[in-house]
Amino acid sequence: MSSTKSKRLDQLDQKIVEKLARDARISNRAIAADLGVTEGTIRTRIKRLQGEGLIQFTVVRDFRMAGSPNLCMLGIDADPAHVPALAEALREMPEINCVVVLLGRFSLLAMGLFTNIEQLNDIIANQIRTLPGVQRVETGISVHNLKYEPGVAKITPCTDEG
Amino acid sequence: MQIRSGRPMAAPSLDALDASIIEILRTDGRATNQDIAKKLSVTAATVSARLQKMEDARAMRVVAVTDFAALGYNVIIALGVKVQGRGLSDVGRDLAALPEVLSVNVMNGRTDLELLVALHDFSDIQHFLYDHIARVDGVAHIEAGIAADILKFEFNVAPL
């Protein structure tokens, strides 16, 4: 994992981020008034947090707007020597939203949002199982989401595409 | 294939202007209404009204996303849970109440529930799994996969 040095947020950062996580459209002036600091302080803090890659602003669309897809989780077992290359190949697939190198359970966990089973099957059968080193792909389909925190994620560099 | 949390499935309809506003916010979520208005040759009041409408319809939201590490979460776990003797949703809801649990999905697969868990430290793992997760009534089996690296994490779609 990338350096987990103390790139932590201080108390003021945390308060700002809490507000922005609820609604990133809130004005600097409103945040400043609420927290009892100047607008300039808020502006500087947000700029720094963004610049250091600690926070990012994203448009989150509702499931319905995206055709009510199902979250599909793919547990992939692979030849250990091939895991780094596989992780990279999965990362480049636009249909895959999340790629995790895992210890235990599987070699890799990939997730994607799919609106139909044919599309999911096509990715697994024709794009993933054909990759060198893949031994097994286990699929789980989410039928119901009970909790999701859109405000916390892994911020990876150069991820501008929606 | 349709699911969701008991809300109507019909999507609110967005027109071209709505879509253009979203497109601008995608690249700059903090753009002011004036900035957006200027780019699209409409008034700031129109932009404000459109954003309000989309938020009211729960079509979209602009949010700040904070990095796991910035919040001090250095251990991310993909946790599979098997349930016995209790409804999946009830068990899932109890697990969802734990703040360390970032997401809970009821699955159709080998495991019944899939959780994403964020912890500060390796030393928290045992305590959290056995004293919190395993004690929830109905949890019969847990499988923990620890994230060694997260290469991609881009969910721009969520239940709002």
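*Asks:* An account of the overall build of chain B is needed here, citing residue identities and associated values.
*Replies:* Secondary structure summary: chain B contains 5 helices and 6 strands in total. By principal-axis analysis of the C-alpha atoms, chain B measures approximately 60 × 35 × 25 Å. For chain B, with 160 residues in total, the buried portion stands at 37%. Considering only residue pairs separated by 6 or more positions, chain B has 60% of its internal contacts joining residues 24 or more positions apart.

*Asks:* I'd like a description of the overall build of chain A, backed by residues and values.
*Replies:* Counting its secondary structure elements, chain A contains 5 helices and 6 strands. The C-alpha atoms of chain A give 19 Å as radius of gyration, which overshoots the globular expectation for 162 residues (15 Å, by more than 25%). By principal-axis analysis of the C-alpha atoms, chain A measures approximately 55 × 35 × 25 Å. For chain A, the residues scored as buried account for 39% of the 162 residues in total. A sequence separation of at least 24 residues applies to 61% of the contacts in chain A between residues at least 6 apart.

*Asks:* How would you summarise the interface of chain A and chain B if you had to cite specific residues and measurements?
*Replies:* At the interface, 68 residues of chain A touch 66 residues of chain B. Elements supplying a minimum of two residues to the side of chain A that touches chain B: α1 (11-22), β1 (55-62), β2 (70-78), α4 (83-91), β3 (96-103), β4 (108-114), β5 (134-148) and β6 (152-153) of chain A. If you tally residues by element for the side of chain A that touches chain B, the top one is β5 of chain A, at 11 residues. Class assignment for the residues of the side of chain A that touches chain B results in 37 nonpolar, 19 polar and 12 charged. In this structure, β3 of chain A lies alongside strand β5 (residues 139-153) of chain B, joined through 6 bridges in antiparallel fashion. Pairing of Cys98 of chain A across the sheet is with Phe153 of chain B, part of β5 of chain B.

*Asks:* Run through the packing of helix α1 (residues 16-27) of chain B against helix α3 (residues 44-56) of chain B, naming residues and quoting values.
*Replies:* Residue and element names in this part refer to chain B. In contact at an axis separation of 10 Å, α1 and α3 are set at 90° when each is read in the N-to-C sense. Taken together, the axes of α1 and α3 are roughly perpendicular relative to one another. For the pair formed by α1 and α3, the contact residues are Leu17, Asp18 and Ile21 on the first element and Val47, Arg50, Leu51 and Met54 on the second. Tallied by class, the residues present in the contact of α1 with α3 amount to 5 nonpolar, no polar and 2 charged.

*Asks:* Please provide a residue-by-residue account of the sheet that holds strand β3 (residues 101-108) of chain B, values included.
*Replies:* The strand order around the closed barrel formed by 8 strands is β2(A)-β4(A)-β3(A)-β5(B)-β2(B)-β4(B)-β3(B)-β5(A), and the pairing between neighbours is antiparallel. Averaged over all pairs of adjacent strands, the angle between their axes in this sheet comes to 35°, without regard to strand direction. Of the strand pairs in this sheet, β3 of chain A and β4 of chain A are connected by 5 bridges, and their pairing is antiparallel. Residue pairing in the sheet places Cys98 of chain A in a bridge with Met111 of chain A of β4 of chain A.

*Asks:* How would you explain the nonpolar core if you had to name every residue and give the values?
*Replies:* Looking at soluble globular proteins, one finds that nonpolar side chains tend to be buried together. The biggest cluster of nonpolar side chains holds 88 residues, and the ones touching the most others in it are Val100, Leu108, Leu109 and Ala110 of chain A together with Ile76, Leu113 and Leu115 of chain B. No other element matches strand β2 (residues 75-83) of chain B, which puts 7 residues into this core. If sequence neighbours within four positions are ignored, Leu108 of chain A has contacts with Ile76, Ala78, Val83, Leu86, Ala87, Leu90, Val99, Val100, Val101 and Leu102 of chain A.

*Asks:* So, the confidence of the model for chain B: which residues are in play, and what are the values?
*Replies:* In this model, chain B carries an average pLDDT of 90, and 93% of its residues clear a pLDDT of 70 or more. Predicted complex metrics record ipTM = 0.85 and pTM = 0.85.

*Asks:* Describe in detail the pairing of β3 of chain B, supporting the description with residues and values.
*Replies:* Most of β3 of chain B sits inside the fold, with 7 of its 8 residues counted as buried. Note that β5 of chain A and β3 of chain B share 6 bridges and pair antiparallel. In the sheet register, Ile141 of chain A faces β3 of chain B, and the bridge partner there is Asn108 of chain B. The pairing of β3 of chain B with strand β4 (residues 113-119) of chain B spans 5 bridges and is classified as antiparallel. Bridge pairing in β4 of chain B places Val104 of chain B opposite Leu115 of chain B. Following β3 of chain B, the chain reverses through 4 residues before pairing antiparallel with β4 of chain B.

*Asks:* Before we move on, could you go through unusual backbone geometry and cite the residues and values that matter?
*Replies:* Located in the positive-phi region is Arg105 of chain A, a residue other than glycine, with phi close to 65°. Examined against the element boundaries, Arg105 of chain A turns out to sit in the loop between β3 and β4. Note on Arg105 of chain A: 19 C-beta atoms within 10 Å, which makes it partly exposed. Located in the positive-phi region is Ser41 of chain B, a residue other than glycine, with phi close to 55°. Examined against the element boundaries, Ser41 of chain B turns out to sit in the loop between α2 (33-40) and α3.

*Asks:* Outline the domain arrangement of chain A, listing residues and values.
*Replies:* Partitioning chain A into domains gives domain 1 (11-51) and domain 2 (63-141). A separation of 37 Å is found between the C-alpha centroids of domain 1 of chain A and domain 2 of chain A.

*Asks:* How would you summarise the sheet that holds strand β1 (residues 60-67) of chain B if you had to cite specific residues and measurements?
*Replies:* Read across the sheet, 4 strands follow the order β6(A)-β1(B)-β1(A)-β6(B) without closing on themselves; strand pairing throughout is mixed. Every other strand in the sheet has two partners, leaving β6 of chain A together with β6 (157-158) of chain B as the edge strands with one partner each.

Quick notes on the rules
- Residues numbered from 1 in each chain as written.
- Chains lettered and ligands numbered in written order.
- Predicted model: local features only at pLDDT ≥ 70, side-chain atom pairs only at ≥ 80, totals over all residues.
- Helix = DSSP H or I, 4+ residues; strand = E, 2+ residues; numbered from the N terminus.
- Buried ≥ 20, exposed ≤ 12 C-beta atoms within 10 Å, placed from the backbone.
- Contact = placed C-beta atoms within 7 Å.
- Rg over C-alpha atoms; globule rule 2.2 N^0.38 Å.
- Nonpolar A, V, L, I, M, F, W, Y, C, P; charged D, E, K, R; others polar.
- Pairing = 2+ DSSP bridges.
- Axes fitted to C-alpha atoms, helices over the stretch in contact; angles between N-to-C directions.
- Parallel < 35°, antiparallel > 145°, perpendicular 65-115°, else oblique.
- Core = buried A, V, L, I, M, F, W, Y, C linked by C-beta atoms within 7 Å.
- pLDDT = per-residue confidence, 0-100.
- Domains from an automatic or database assignment.

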